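In case you want the letters, here they are:
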Amino acid sequence: MTLFIDVDDAARLFTQVGIRRAIREMAGYIEADYARWAQFDKSPRTANHSADGVIELMPTDDGQQYSFKYVNGHPNNGQQNLLTVMAFGLLADVQSGYPTLLSELTLTTAVRTAATSALVAKSLARPGATSMALIGNGAQSEFQAVAFHEMLGINEIRIFDIDRDASLKLKHNLAAFPDIDVILARSVKDAVKGADIVTTVTADKAYATILTPDMIEPGMHINAVGGDCPGKTELHADILRNARVIVEFEPQTRIEGDIQQLEADSPVIEFFRVVQGEVAGRENDTQVTVFDSVGFALEDFSSLRYLKDLAQAQQIGQRIHLVPTPANIKNLFQLLDPQPAKASRLRTVS
């Protein structure tokens, strides 16, 4: 039997435990898996690009469990009132190959992306950070705001989107968190000025320049979430050249991240080295740091592990027959229960 978690189940899980706790606990699973980086089979995701967007598969395993995520990115979907990003995924037992969990991952990916951003920022942002600019106020923005408040104590969020309705939506939703002060900014430059942390989470599949060098101040941490496929960026290349850049899995980020703009040998640091204490996330309080986040399969592996544990603890989800279980494993045909066809004979009448 396979545990199945649909969108309603996932929403119930996160509501029941509370979104703050869910983000914090998922970050713990992600950090634990980065700490055992060498155990994972790693590869850049497989991507099928079209004029309208991209569909990707993200697989990995740790020798005991295997996972994959199916995820898309279609920036124009919003014009048809469709999500620009949606996902589902699977967790399986490596020894037998049998699936143990099939789950929605659209809502879960929003939680895991925010949890990863805040987890990395704990090492990269300067101590005592209290303010964040949030550029791009779409479906991911609330999760980012709550994650940074919960895990770093950020209590001032300056928001901006070219779609003002998106910003008003974000401000309305964050009213449920009265200890977060939400400020509507007039421009990107206005939002960024004086911020300790800058999060960019825009959706256009284009070589965009959301942040330029003149906006960057000493000591800022930039959480660049939106540049996550070939031909899609958010940061001016000179920001990256003058910053300490942290990535998830370098071979993938070179293809999809903001660093696709840079020379192939430009220096970057993989996050697992920070988790394992090999290098510091930040060297001093004036250094500019960038997390060039594209999303990596290990994080989805972690989120599926967490979701399965949480669903079992909360007794939420359904048991389904995703794999046949015939009484005789060599007789799969028996599951069809075919009825004997009536014998017929072609006769010739003379």
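Here we summarise the structure given alongside this text. As the structure is a computational prediction, the values presented were derived from the model and not from experiment.

**Here's the deal with the overall build of the chain**
Here's step 1: Check the secondary structure of the chain and you find ten helices and 17 strands.
Here's step 2: With respect to the three principal axes, the spread of C-alpha positions in the chain is 95 × 45 × 45 Å.
Here's step 3: Put simply, the chain has 350 residues, and 50% of those count as buried.
Here's step 4: Of the contacts formed within the chain by residues at least 6 apart in sequence, a portion of 72% connects residues at least 24 apart.
Here's step 5: About 16,700 Å² of surface is accessible on the chain, with carbon and sulfur atoms providing 52% of the total.

**Observations concerning the packing of aromatic side chains**
Here's step 1: Counted according to the given criterion, the structure contains ten aromatic pairs.
Here's step 2: Judged by centre distance (5.2 Å) and plane angle (65°), the rings of Y29 and Y306 are edge-to-face. Placement of the pair is Y29 in helix α2 (residues 19-34) and Y306 in helix α10 (residues 297-314), with a sequence separation of 277 residues.
Here's step 3: Residue Y306 is classed as buried on the basis of its relative accessible area of 3%.
Here's step 4: Ring geometry for Y34 and W37: centres 5.6 Å apart, planes at 5°, overall stacked. The same class applies to Y34 as to W37, namely buried.
Here's step 5: Connected via pairs of aromatic rings, a cluster forms that spans Y34, W37, F249, F271, F272 and F296.

**A few points about the packing of α2 against helix α4 (residues 141-152)**
Here's step 1: Running from N to C, α2 and α4 cross one another at 75°; their axes reach a closest spacing of 9 Å. Judged by the angle between their axes, α2 and α4 are roughly perpendicular. Touching I19, R20, I23, R24 and A27 of α2 are F143, V146, A147, H149, E150 and M151, all from α4.
Here's step 2: In the contact of α2 with α4, the residues fall into seven nonpolar, one polar and three charged.

**Remarks on helix α5 (residues 164-174)**
Residues spaced three or four apart along an α-helix face the same direction, because each turn holds 3.6 residues.
Here's step 1: Those residues of α5 that sit buried are A166, S167, L170 and L174. Taken down its axis, α5 places every buried residue within 100° of arc, on the same side. α5 presents R164, D165 and H172 as exposed residues on the side facing more than 90 degrees away from its buried surface.
Here's step 2: In this structure, the buried residues of α5 make contact with β7 (131-135), α4, β8 (156-160) and β9 (181-184).
Here's step 3: At the N-terminal end of α5, a side-chain oxygen is found 3.1 Å from the backbone nitrogen of D165, two or three residues along, and the residue is D163.

Thresholds, definitions, all that
- Here, residues in each chain are numbered from 1, in the same order as that chain's written sequence.
- With the structure being a predicted model, the display of local features is reserved for residues of pLDDT at least 70 and the display and counting of side-chain atom pairs for 80 or more, all residues being used for whole-chain, interface and lining totals.
- Side-chain numbers come from the whole structure's heavy atoms, not from hydrogens or water.
- For helices the rule is a DSSP run of H or I covering at least 4 residues; for strands it is a run of E covering at least 2, with both sets numbered from the N terminus onward.
- Partly exposed describes any residue whose relative accessible area lies between the buried limit of under 20% and the exposed limit of over 50%, with all areas from a 1.4 Å probe on protein chains only and scaled to the type maximum.
- Only heavy atoms enter the contact rule, under which two residues are in contact if any of them lie within 4.5 Å.
- The method behind every accessible area is Shrake-Rupley, applied with a 1.4 Å probe, and residues are considered shielded solely by the protein chains displayed.
- Aromatic contacts are taken between Phe, Tyr and Trp rings whose centres are within 6.5 Å, Trp giving its six-membered ring; a plane angle under 30 degrees counts as stacked, one over 60 as edge-to-face, and the others as tilted.
- To define axes, lines are fitted to C-alpha atoms, for helices over the stretch in contact only, and angles between the resulting N-to-C directions are given on a 0 to 180 degree scale.
- For this classification, under 35 degrees means roughly parallel, over 145 means roughly antiparallel, 65 to 115 means roughly perpendicular, and everything else is oblique.
- Note that Gly is not counted as nonpolar here; it falls among the polar residues with everything else outside the nonpolar set of Ala, Val, Leu, Ile, Met, Phe, Trp, Tyr, Cys and Pro and the charged set of Asp, Glu, Lys and Arg.
- This arc corresponds to the set of directions leading from the helix axis out to the C-beta atoms.
- The term polar contact refers here to a pair of N or O atoms within 3.5 Å; inside protein, the definition further demands a hydrogen-donor-capable atom paired with an acceptor-capable atom, and it admits residues adjacent in sequence only when both atoms are side-chain atoms.

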